[in-house]
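Descriptive structure summary
Below are the chains, spelled out letter by letter.
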Amino acid sequence: MKFWAHSLFLCFALLSTSVSLQAAETPATAPYLLAGAPSFDQSISQFREAFNKDNPTLPLDEFRAIDSARDTPTLTRAASKINENLYASTALERGTLKIKSMQITWLPIQGPEQKAAKAKALEYMSAVLQAFTPAMTKTQSLQKLQKLLTAGKNKRYYTVTEGAIRYVVADNGEKGLTFAVEPIKLALSDSLGGAN
């Protein structure tokens, strides 16, 4: 239990700060923690039900709230243990439990089981990516994930924004690998707004 709690803390610590490709400096706070940060239009229970239906070989158990001194009055954190080295975690809008960030964290293991454990982690990460970008096929989501993980390799924080979604990779080598999907606010540029 102590290892599980430490692992979940590591999950959130990995994503407590992120780097934007356009930003010169690392922000002190992850975007989903900022006031007014958007949420996906889906609660954690709706996500879990749809995810388990679409991915019967990749079950997600119920998410349990994590008490954290870093939580805000508008944010709840929750996690679900997949196995000894794989966890799903989320940041939720308090009250509605809508998803602000969905994360899969793999804690690497050594030995003959490492290859299979990593393959399972990549399956979960790819399935989460596809859950939030349903226009992608399973093959396309796996290819997209591989591209993101390659670009984020050996980088503590790497983000890419595409449309209304931010993909985050936090690669801490032997300490763990986290992949996250988060919504972003879309805003009209000043030039587009004045054209109407």
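Residues numbered from 1 in each chain as written. Predicted model: local features only at pLDDT ≥ 70, side-chain atom pairs only at ≥ 80, totals over all residues. Heavy atoms only, no water.

1. A short note on the overall build of the protein
- Tallying secondary structure elements over the protein gives 5 helices and 7 strands in all.
- Sequence-ordered secondary structure for the protein, helices as α and strands as β, is α-α-β-β-β-β-α-α-β-β-β-α.
- In the protein, buried positions account for 45% of the 196 residues.
- Long-range contacts, defined as pairs at least 24 residues apart, comprise 47% of the intrachain contacts of the protein with a sequence gap of at least 6.
- Carbon and sulfur atoms make up 55% of the accessible area of the protein, which totals about 10,800 Å². (Helix = DSSP H or I, 4+ residues; strand = E, 2+ residues; numbered from the N terminus. Buried < 20%, exposed > 50% of the residue type's maximum accessible area, 1.4 Å probe, protein only. Contact = heavy atoms within 4.5 Å. Areas by Shrake-Rupley, 256 points an atom, 1.4 Å probe, with all protein chains shown as cover.)

2. Focus: the nonpolar core
- Phe47, Met125, Phe132 and Phe179 are the most contacted members of the largest nonpolar core, which totals 36 residues.
- Contact partners of Met125, with chain neighbours within four places excluded, come to Ile104, Trp106, Leu145, Leu149, Leu177 and Phe179. (Core = buried A, V, L, I, M, F, W, Y, C linked by side-chain atoms within 4.5 Å.)

3. Looking at the confidence of the model for the protein
- In the predicted model, the protein carries a mean pLDDT of 81, and 76% of its residues have values of at least 70.
- The model gives residues 1–27 a pLDDT under 50, and that stretch makes 64 contacts with residues more than four places away or in other chains.
- Contacts for the low-pLDDT stretch residues 189–196, under 50 throughout, to residues beyond four places or in other chains number 0 contacts. (pLDDT = per-residue confidence, 0-100.)

4. Looking at the sheet that holds strand 2 (residues 75–83)
- Strand order in this open sheet of 7 strands is 1-2-3-4-7-6-5, and the pairing throughout is antiparallel. The open sheet is flanked by strand 1 (64–66) and strand 5 (158–162), the only strands paired with a single partner. With strand direction ignored, the average angle separating the axes of adjacent strands in the sheet is 20°.
- Inspection of the sheet shows strand 3 (residues 86–93) paired to strand 4 (residues 99–106) by 7 bridges, in the antiparallel sense. The residue bridging Ala91 from the neighbouring strand is Ser101, located in strand 4.
- With respect to the sheet, helix 2 (residues 44–54) is in contact with strand 3 and strand 4, its orientation differing from that of strand 4 by roughly 50°. (Pairing = 2+ DSSP bridges. Axes fitted to C-alpha atoms, helices over the stretch in contact; angles between N-to-C directions.)

5. Observations concerning the environment of Val160
- In this fold, Val160 is placed in strand 5.
- Between the C-alpha atoms of Val160 and Val181, which are 21 residues apart in sequence, the distance is 10.0 Å.

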